[in-house]
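Remarks on the overall topology
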Amino acid sequence: MNRRIKKVAVIGSGIMGSGIACHFANIGAEVLLLDIVPRELNDKEKKKGLTLEDKAVRNRIVDSNLKSALKSNPSPIYSKKFANRISTGNLDDDLSRIKDVDWIIEVVVERLDIKKSVFEKVEKYRSPGTLITSNTSGIPIQFMNEGRSKDFQEHFAVTHFFNPPRYLKLFEVVPGPDCKKDVVDFLMMYGEKFLGKTSVLAKDTPAFIGNRIGIFGIQSLFHQVKEMGLSVEEVDKLTGPVIGRPKSATFRTVDVVGLDTLVHVANGIYENCPDDEAHDLFKLPGFIQTMMDNKWLGSKSGQGFYKKVKSDDGKSKILSLDLDTMEYSANKKAKFATLELTKTVDKVKDRFSILVDGKDKAGEFYRKNFAALFAYVQNRIPEISDELYRIDDAMKAGFGWEHGPFEIWDAIGVEKGVELIKAEGKQPEKWVTDMLSKGNTSFYTVKDGATYYYDIPSRSQVKKPGQDSFIILDNIRKSNEVWKNSGVVIEDLGDGILNCEFQSKMNTIGGDVIAGLNKAIDLAEKDFEGLVIGNQATNFSVGANIGMIFMMAVEQEYDELHMAIKAFQDTMMRMRYSSIPTVAAPHGMALGGGCELSMHADKVVAAAETYIGLVEFGVGVIPGGGGSKEMTLRAADTFHKNDVELNVLQEYFLTIGMAKVATSAYEAFDSGILQKGKDIVVVNKDRQIAEAKKHALLMAEAGYTQPPKRKDVKVLGKQALGMFLVGTDSMEAGHYISDHDKKIANKLAYVMAGGDLSEPTLVTEQYLLDLEREAFLSLCTEKKTLERIQHMLKTGKPLRN
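Regarding its fold elements, the chain presents 33 helices and 25 strands. Taking 801 residues into account, the globule formula puts the C-alpha radius of gyration at 28 Å, and the chain, at 29 Å, falls close to it. Here the C-alpha coordinates of the chain stretch approximately 80 × 70 × 65 Å along the principal axes. The long-range share in the chain, meaning contacts at least 24 apart out of those at least 6 apart in sequence, stands at 69%. Looking at the chain, you have 106 positive and 110 negative side-chain charges, and the mean spots of the two groups are 2 Å apart.

What follows is the structure in structure tokens.
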């Protein structure tokens, strides 16, 4: 069956239901969101004289929940206008509308009786063949679809999203006992290709895969923290970015998610997994029960493991909970000698062996923690999954781990991991010792650019499925390297397409990256067909190396700074005017120079989760790598669509002046940073490099011709400059901007007006680049600019002065 999903019904509009509805709207589906009818009027409705029969009242719950979701931060929707794809209704009046949808998703409260009641009503209107899934986090499928029709059961599965659905990539698919294989295959494919998720096939076991392992890890820490006498801050220091986990680490994450949510899942595992060898570990420690009794649930209750308070001087400060006294005290900085040893180790996977060899309390913590994790995951096969890679995929996609349990075990060494397990009085599973005895010394290997995993039944390395649509740079970097320096690696992606991958810290753009980009273009023009600029780090690029700019400005090396900025501009122009197609693949943060680079490529293949913008105002300068020029050019190209040219130019000016950052790739189209009809968005970041390569190849095969440099950019001269200067004067007079803000804005105004020309004129791009570079350099001589740059380097935050 060639199934297409055009319309989706989501039943239940709570936080998860509304989030799921928004994410389907994100990808272009039409969504019907339904919830129950209120039983009584609220005070506002009574004052308006409404009755329980009024539509506004009957849809109050669903409309209110959706409205709250759309206002939440971070936003569940890529662009506010996508909310128009969601229509709302209630279960009494509108359930019949589900007959026209392609997929029905149940997201009601976690009670079997309520779910069964909903399914009974759904069956009256559901068209045969329509997908029907539940977002339950643990109710067994056999109980939910009991008594339902054969067609219902054949199309029924659990599709478990993680919260928030837009941002967390895990999509667990749990087939019902009678679910058709083609339905399971479709759900797995759709989650990955359309929803941008990591689809993980799970078994119908308590908490499935992600929560079973994730809650074990947290519960294990809860017990370990008391045993080792560790503080809340120390555990968060040990379990955060140093091991490739989110900044919120353990206790801050629990505060954000809500302690009650975690306890609910832990209790479910404790009650439903009596044979689990770590059964007692899921029992709540005393301090957790005390917190539950006190309603210290985290952010939602105002305090949890951390508590935000105002000090006497009115400033906010964070207190942490002492787990012995159960009292809050000032946050204490955690420090360990073992962690100091990893500071120069950039790759997380290279840190694990150092961490477990530590001689201090941190080393002991890691040995105990990883031993417990390894011992637990080895025993979950085949209980929760037949394949070990699914456990790793679930933890990476659902909990934000950079490396899954078996990948961490590989990084430490499988034999070393076995030693850690034994040291804690546990034993390795037979399949692990069999694997080692057969000469297999790792769970994963890489061959011909593909990842292979150890398959337990066949006792051999088997290719991990689903990789054909991906290019994994980690797997090809060594074998396909064409050239590298300290800033970039240039790889051959095959079929005549090169990739230039940034390798600098935070992928900042400095001299080595500029040299690497030019080398990549040289190589591509000589021996290849096209060039992709992409990487698979957390962020595409946070911009130019402002540390380098700061040092040159402080040392008053203005000639060197001029040359560096000109080299940046010239490289961006080479991106635009080379003899081969260039494709940028931004994702995560693409700020400042990273944004400028993207804007100068022939095409952008952006990940949906791309946060892109020209943010140079925050450090006291204007975009100096072609960004100011490019926004002027793009404004001019839209003049013919709008009679009021000054208004158009002002919009582009404000995008730079307000340092606007798009909160998704789709939002970037609205600000003119991405261009409709030219640039595209991919929802699944894992597909991005392959998609970018495909488009570079398409352009090359279509007969790409180097474009001529533009000489027809219309600038408005004094007319625009006067408008901008009046605007900045009034903004300063109203105390909306500082004197230095005004100075920066006036410099940008001069560039975007094309100088003080007496009348509108057609100019070249180079003319604008020269104005841009002159303005940038003059701002670098300002004391307040240097203060802003220094503050940004120290704190990572902009300074208003």
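Glancing now at the packing of helix α17 (residues 388-399) against helix α18 (residues 405-412). Between α17 and α18, the least distance of the axes is 7 Å, while the angle of their chain directions is 105 degrees. By the angle between their directions, the pair α17 and α18 is classed as roughly perpendicular. Where α17 approaches α18, its residues Leu388, Ile391, Asp392, Met395 and Lys396 are matched on the opposing element by Pro405, Phe406 and Glu407. When grouped by side-chain class, the residues that make up the contact of α17 with α18 number 5 nonpolar, no polar and 3 charged.

Bringing the pattern of salt bridges into the picture now. Counting across every chain of the model gives 58 salt bridges. Measuring nitrogen to oxygen at the nearest pair gives 3.1 Å for the salt bridge that ties Glu525 to Arg574. Here the residue Glu525 occupies a position in helix α22 (residues 511-527), and Arg574 occupies one in helix α24 (residues 558-576), the gap between them amounting to 49 residues. We classify Glu525 as partly exposed; its relative accessible area is 31%. Between Arg634 and Glu630 there is a salt bridge, and its shortest N-O distance comes to 3.0 Å. With Arg634 and Glu630 both in helix α26 (residues 627-637) and 4 residues apart, the pair spans about one turn of that helix. Like Arg634, the residue Glu630 is buried in the burial classification. When salt bridges that share partners are traced, they join Arg212, Asp276, Glu277, Arg380 and Glu383 into one network.

On to the sheet that holds strand β15 (residues 481-484), then. As summarised here, the arrangement of the 7 strands in space is β15-β16-β17-β18-β19-β21-β23, forming an open sheet in which the pairing is mixed. Where the open sheet ends on each side, the last strands, each with one partner, are β15 and β23 (680-682). Strand-to-strand twist across the sheet, computed as the mean angle between neighbouring axes with direction ignored, equals 25 degrees. Examined bridge by bridge, strand β21 (residues 603-607) and β23 share 3 bridges and lie parallel to one another. Residue Val605 lies in a different strand from β23, and its bridge partner there is Ile680. Lying on the sheet, α22 is in contact with β15, β16 (488-494), β17 (497-502) and β18 (530-533); it crosses β17 at an angle near 175 degrees.

By the secondary structure assignment, Arg85 is in the loop between α4 (60-71) and β3 (86-90). Under the relative-accessibility criterion, Arg85 is labelled partly exposed at 30%. Distance from Arg85 to Tyr190, taken between C-alpha atoms, is 19 Å for residues 105 residues apart in sequence. Setting aside residues no more than four positions away along its own chain, Arg85 makes contact with Ala25, Asn26, Ile27, Gly28, Ala29, Glu30 and Val31.

Take the sheet that holds strand β11 (residues 327-330) next. Spatial strand order, β9-β10-β11: 3 strands in an open sheet with antiparallel pairing. Unpaired on one side and paired on the other, β9 (306-310) and β11 mark the two borders of the sheet. Across the sheet, the axes of successive neighbouring strands diverge by a mean angle of 40 degrees, strand direction being ignored. Where strand β10 (residues 316-322) and β11 come together, 4 bridges link them in antiparallel fashion.

This part takes up the side chain of Glu491. Examined against the element boundaries, Glu491 turns out to sit in strand β16. Apart from residues no more than four positions distant in its own chain, Glu491 is found in contact with Leu473, Arg477, Asn480, Val482, Ile497, Leu498, Asn499 and Glu501.

By size, the foremost hydrophobic cluster in this structure holds 118 residues, and its most contacted members are Phe24, Trp103, Cys500, Phe502, Leu531, Ile533 and Leu597. Of all hydrophobic cores here, the second largest spans 111 residues; its members include Phe119, Val242, Ile269 and Ile421.

Our next topic: unusual backbone geometry. Of note, the amide linkage connecting Asn73 to Pro74 takes the cis form, showing an omega dihedral of 5 degrees. For Pro74, the position within the fold is in the loop between α4 and β3. Across the junction of Asn163 and Pro164, the peptide omega takes the value 0 degrees, indicating a cis bond. Topologically, Pro164 is positioned in the loop between β6 (156-161) and β7 (170-175).

So, how was this worked out
Residues numbered from 1 in each chain as written. Predicted model: local features only at pLDDT ≥ 70, side-chain atom pairs only at ≥ 80, totals over all residues. Heavy atoms only, no water. Helix = DSSP H or I, 4+ residues; strand = E, 2+ residues; numbered from the N terminus. Rg over C-alpha atoms; globule rule 2.2 N^0.38 Å. Contact = heavy atoms within 4.5 Å. Lys, Arg positive; Asp, Glu negative; His and termini not counted. Charge placed at Lys NZ, Arg CZ, Asp CG, Glu CD. Axes fitted to C-alpha atoms, helices over the stretch in contact; angles between N-to-C directions. Parallel < 35°, antiparallel > 145°, perpendicular 65-115°, else oblique. Nonpolar A, V, L, I, M, F, W, Y, C, P; charged D, E, K, R; others polar. Salt bridge = Lys/Arg side-chain N within 4 Å of Asp/Glu carboxyl O. Buried < 20%, exposed > 50% of the residue type's maximum accessible area, 1.4 Å probe, protein only. Pairing = 2+ DSSP bridges. Core = buried A, V, L, I, M, F, W, Y, C linked by side-chain atoms within 4.5 Å.

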